[in-house]
Amino acid sequence: EAQVTQNPRYLITVTGKKLTVTCSQNMNHEYMSWYRQDPGLGLRQIYYSMNVEVTDKGDVPEGYKVSRKEKRNFPLILESPSPNQTSLYFCASSGNNYGYTFGSGTRLTVV
Amino acid sequence: AQSVAQPEDQVNVAEGNPLTVKCTYSVSGNPYLFWYVQYPNRGLQFLLKYITGDNLVKGSYGFEAEFNKSQTSFHLKKPSALVSDSALYFCAVRDRTSGGSYIPTFGRGTSLIVHP
């Protein structure tokens, strides 16, 4: 089944403790992206990647890092999480069919 | 630059009545347009897309959308709403002339509430 897999689905952590949210797609898509969703603000793009080793900042990149060492994986790294990064995070990918496939989301709480 | 506006934070409709969720867009060239739905505690699911061709696009779950170039709109419609249609709906646009860039812009979302 074609899908984008994110892990974990839920995560509670403490301020300053490094964490990684994984994202993997099995569709050989070139484009991958991370979004955060907050009430009243919709989806805001954090980082995106057009291909392996090619990443760029989205609208709200501060406090986040990404890497794209392989085509299928696009992890989101929070080096020193803070409470304002408490949010619902989505990974998405796209190939040449113009549409986007989203993961199920990761609900992160930073206390 | 590209942008999307969903002017209504919330739309309320009675079950069995027609529904419309509005979306307007702005791109420098021609658009690719999308609608996604998000049910509680779930990711976004693809509903339909406009790439080219007929202005009326039919999608999943009985939804359709009409591309109107002169009004730069892509409103989502359904002839008869179901309670199970209650969800958050996102419109998205991508500039066709972006040279192969895949980067979409999403609207802020519209909460659809269908009353029994």
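As the structure is a computational prediction, the values presented were derived from the model and not from experiment. (Residues numbered from 1 in each chain as written. Chains lettered and ligands numbered in written order. Predicted model: local features only at pLDDT ≥ 70, side-chain atom pairs only at ≥ 80, totals over all residues. Heavy atoms only, no water.)

Notes on the pairing of strand E9 (residues 87-94) of chain A
All names here are of chain A. Most of E9 sits inside the fold, with eight of its eight residues counted as buried. Neither face of E9 is left uncovered, since the one carrying Ser87, Tyr89, Cys91 and Ser93 and the one carrying Leu88, Phe90, Ala92 and Ser94 both have all their residues buried. Where strand E4 (residues 31-38) lies against E9, seven bridges are found, and the strand directions are antiparallel. Within E9, the residue paired with Tyr35 across the bridge is Phe90. (Buried < 20%, exposed > 50% of the residue type's maximum accessible area, 1.4 Å probe, protein only. Helix = DSSP H or I, 4+ residues; strand = E, 2+ residues; numbered from the N terminus. Pairing = 2+ DSSP bridges.)

Let's talk about the pattern of salt bridges
Between side chains of opposite charge, a pair can form when the charged atoms approach closely. For the structure shown, the criterion picks out five salt bridges over all chains. Across the pair Arg36 of chain A and Asp38 of chain A runs a salt bridge, and its minimum N-O distance is 2.8 Å. For Arg36 of chain A, a relative accessible area of 9% translates into the label buried. Salt-bridge contacts for Asp85 of chain B lead to Lys78 of chain B; the nearest nitrogen and oxygen are separated by 2.8 Å. Given a relative accessible area of 3%, Asp85 of chain B falls into the buried group. On the basis of relative accessibility, which here comes to 8%, the residue Lys78 of chain B falls in the buried class. Here the salt bridges do not stand alone but share partners, grouping Arg36, Asp38 and Arg44 of chain A into one network. (Salt bridge = Lys/Arg side-chain N within 4 Å of Asp/Glu carboxyl O.)

Structural notes on the interface of chain A and chain B
Across the contact, 24 residues belong to chain A and 21 residues belong to chain B. A combined buried area of about 1800 Å² lies between chain A and chain B, and 59% of that area is made up of carbon and sulfur atoms. Connecting chain A to chain B are three residue pairs in polar contact (both at pLDDT 80 or more). Listed by contribution, the elements that provide at least two residues to the side of chain A that touches chain B are E4, strand E5 (42-51) and E9 of chain A. Here the element with the most residues in the side of chain A that touches chain B is E5 of chain A; it accounts for five residues. (Contact = heavy atoms within 4.5 Å. Buried area = accessible area lost by both parts, 1.4 Å probe. Polar contact = N/O pair within 3.5 Å; in protein donor to acceptor, adjacent residues only side chain to side chain.)

Quick look at the pairing of strand E8 (residues 64-68) of chain B
Residues and elements named next belong to chain B. With three bridges joining them, strand E7 (residues 56-58) and E8 adopt antiparallel strand pairing. Note on E8: the bridge partner recorded for Lys58 is Glu64. Both E8 and strand E9 (residues 73-78) contribute to a ladder of five bridges, which runs antiparallel. Its bridge partner lying in E9, Asn68 is registered against Ser73. Linking two consecutive strands that pair antiparallel, namely E8 and E9, is a turn of four residues; a positive phi of about 45° is found at Thr72 within it.

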